Amino acid sequence: MLKELVLLKEMQALDTRIIRLKTLIENTPAAMNEYGRSFKDSQDERQKKDTDLDKALRQKREFEQAAADKSEKIKKLRSKSADIKTNKEYQLHLKEVEQLEKEVRLIEDDILIVMEQIEEFEKTSSAANKKFEKEQVKYHEAVSVVKKDQDDAEKELDVLLKQRGELAKTIPKDVYNRYMHILERKNALAVVAAKAELCHGCFLNMPPQLFAEVMKGEKINTCPQCGRMLYFEPETP
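First things first, this report covers the structure right here in the doc. (Residues numbered from 1 in each chain as written. Predicted model: local features only at pLDDT ≥ 70, side-chain atom pairs only at ≥ 80, totals over all residues. Heavy atoms only, no water.)

Further remarks concern the overall build of the protein chain. Looking only at helices and strands, the protein chain has 4 helices and 4 strands in total. When the helices and strands of the protein chain are placed in sequence order, the string is α-α-α-β-β-α-β-β. Principal-axis analysis of the C-alpha atoms gives the protein chain an extent of 130 × 35 × 30 Å. Counting all 237 residues of the protein chain, 30% fall into the buried class. Look at the contacts in the protein chain between residues 6 or more apart in sequence, and 71% of them connect residues 24 or more apart. About 15900 Å² of surface is accessible on the protein chain, with carbon and sulfur atoms providing 51% of the total. (Helix = DSSP H or I, 4+ residues; strand = E, 2+ residues; numbered from the N terminus. Buried < 20%, exposed > 50% of the residue type's maximum accessible area, 1.4 Å probe, protein only. Contact = heavy atoms within 4.5 Å. Areas by Shrake-Rupley, 256 points an atom, 1.4 Å probe, with all protein chains shown as cover.)

Below you can see the structure in the form of structure tokens.
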């Protein structure tokens, strides 16, 4: 096979790997965001459930304080009942006490309702916290793997770019420029195999005479359909 064609095959293999590594590195932030989505959702859900629970607990304390204040007021009113002189005043006094006792009972009903809500919120808050903890572990494990893949890709990329630079020096400038022109125009694939009279770049048939020339490997031939450089590859049994 023509020496330049051998070098171009090596260059294409390097470029294919380099492009994949660059893509992996570029996609790392998006991959982290994707893994972080479930973690963020569980975090938001946990915060919401904790907020609901805190709100209910605060409301219960406010009801209890209101009931205690009214009970204290009833206690003071009853302590003054002996000082009442007239029946009319006594009736008004009783009415005020009864009204306060009614308000206390209503508040106590509200406390029971809130306590039921608190019990439910405690269950959902506990479940949300457990889910958050699981998602947190999964997220950090996934990020660790992605970050390691990124670090490994960057190290390998540095090595391959150096190899590519050295390889480029061995290819005639006009051939290299031609290769780069095709690479940029043909989706980063400039050198492809020709097998069974088929171009493995566009997967279209080529003329038998051209295929025969590609088999000889004495010059750089290109596919008449896609323009990619061709090298012969025997059929796999």
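Our next topic: the state of the cysteines. In a disulfide, the sulfur atoms of two cysteines are covalently bonded to one another. Taken as a whole, this structure holds 0 disulfides when the rule is applied. Of all cysteine sulfurs, the one in cysteine 223 lies closest to cysteine 202, which takes part in no disulfide; the gap is 3.7 Å. Left unpaired, cysteine 226 is separated from the closest cysteine sulfur, that of cysteine 223, by 3.7 Å. (Disulfide = S-S within 2.5 Å.)

The terminal C-alpha atoms of helix α1 (residues 3-79) lie 113 Å apart, and with 77 residues this matches the ideal 114 Å at 1.5 Å per residue to within 8%. Where α1 bends most, the angle comes to about 45°, and this point is threonine 28, followed within four residues by the proline proline 29. (Expected span 1.5 Å × (residues − 1). Bend = angle between axes of the 7 residues up to and from the residue.)

Next up on the list: the nonpolar core. Leu8, Ile171, Tyr179, Val191 and Met229 are the most contacted members of the largest nonpolar core, which totals 25 residues. For this core, the leading source of residues is α1, giving 8 residues. If we ignore the near neighbours within four places in the chain, the residues touching leucine 8 are Ile171, Val175, Tyr179, Val191, Ile220 and Met229. Of all hydrophobic cores here, the second largest spans 10 residues; its members include Cys199, Phe211, Cys226 and Leu230. (Core = buried A, V, L, I, M, F, W, Y, C linked by side-chain atoms within 4.5 Å.)

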